[in-house]
Amino acid sequence: MFTPQGPTLRELAVQALSSVEHGYDLLAPKFDHTPFRTPDAVLDPVTRALRELGPYRTGLDLCCGTGAGLGVLREVCAERAVGVDFSAGMLDVARRGEPTASYVRGDALALPFGPAFDLVVSFGAFGHFLPRQQAQLFAQVHQVLRPGGQFVFPMPAPARAGSRGYWAMLGFDAVMRVRNAVWRPPFVMYYRVFRFGDVRGELTRAGFDVELRALPELGKRPDGSPRCGLVVATRWGPTSA
């Protein structure tokens, strides 16, 4: 839900006609007042699940944005939390909200770390990666995790075909594809292409054991299945694929 402190429609239009990086730089000061920030209703169950999965010493928030996920790392990591994002504007906001964390401006497809982390989390960023980039993305995460480290992120169940959510997602995807067909630079945001079956396969090929855990606090669908799962990918290999 948009708030009076949030961006105007004009500001959102300007962002949408920018590159992904510049668009988020523009949106950063008001991002936390938009529906795009991961809500506490999702962050809190993930935090509780990670407390059960841990302990962890060091954690990385991949594509950290304004730092919502860094609050999770602060709760579950005993030593160091790091946020990486390619938007300088988003990092500036994150620093003010989570001043004890460390920050690096960088590309998730070329992470500037060795195997330094026990935990990598990410919230709401995967729509910015095309399917052909998933292998490279997951190889990068594998590279920065210590053996036995975990890559953990929530993954909502797909909307049922014909439901309001299904048509809303389909419509958003169509608008983005039309926008990118007629305007440059492109703004990549295609959430319908991030599907668990495909993601599990790419994670496995990158050297992860993959588990999907329910997040019962987020409720169930009419058929009884969870509305949202937690992907837990554990690095088992000595090196990335």
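Scroll up for the structure.
Analysis parameters
Residues numbered from 1 in each chain as written. Predicted model: local features only at pLDDT ≥ 70, side-chain atom pairs only at ≥ 80, totals over all residues. Heavy atoms only, no water. Helix = DSSP H or I, 4+ residues; strand = E, 2+ residues; numbered from the N terminus. Buried < 20%, exposed > 50% of the residue type's maximum accessible area, 1.4 Å probe, protein only. Salt bridge = Lys/Arg side-chain N within 4 Å of Asp/Glu carboxyl O. Axes fitted to C-alpha atoms, helices over the stretch in contact; angles between N-to-C directions. Parallel < 35°, antiparallel > 145°, perpendicular 65-115°, else oblique. Left-handed = near helix turned anticlockwise from the far one by under 90°. Contact = heavy atoms within 4.5 Å. Nonpolar A, V, L, I, M, F, W, Y, C, P; charged D, E, K, R; others polar.

Chemist: Where do I start with the environment of Lys 30 in this structure?
Modeler: Its location among the elements puts Lys 30 in the loop between helix H2 (20-27) and helix H3 (40-53). On the basis of relative accessible area, Lys 30 is assigned to the partly exposed category, the value being 27%. In this structure, the C-alpha to C-alpha distance between Lys 30 and Thr 66, residues 36 residues apart in sequence, is 9.9 Å.

Chemist: Please clarify how the pattern of salt bridges should be interpreted in this entry.
Modeler: Side chains bearing opposite charge may pair, as long as their charged atoms lie close to each other. Tallied over the full model, the rule gives 11 salt bridges. Linking Glu 98 and Arg 74 is a salt bridge whose minimum nitrogen-to-oxygen distance equals 2.7 Å. Of this pair, Glu 98 sits in the loop between helix H5 (88-97) and strand E3 (102-105) while Arg 74 sits in helix H4 (residues 68-76), and the two are 24 residues apart along the sequence. Counted as one network, the salt bridges with shared partners bring together Arg 51, Arg 74, Glu 75 and Glu 98.

Chemist: Where do I start with the environment of Met 176 in this structure?
Modeler: For Met 176, the position within the fold is in helix H7 (residues 164-182). Separated by 10 residues in sequence, Met 176 and Pro 186 have C-alpha atoms that sit 9.0 Å apart.

Chemist: Even after reading the chapter, I still don't get the packing of helix H6 (residues 134-144) against helix H8 (residues 196-206), so can you show me in this structure?
Modeler: How two helices sit against one another is set out by the angle between their axes and by the gap between those axes. Where H6 contacts H8, the two axes come as close as 9 Å, and the packing angle between them is 50°. If you check the angle between H6 and H8, you find them oblique. In the crossing of H6 with H8, the sense of the turn from one axis to the other is right-handed. Residues Gln 134, Ala 135, Phe 138, Ala 139 and His 142 of H6 pack against Asp 198, Val 199, Glu 202, Leu 203 and Ala 206 of H8. Residue composition of the contact of H6 with H8, by class: 6 nonpolar, 2 polar and 2 charged.

Geometric values such as these leave the question of function open.
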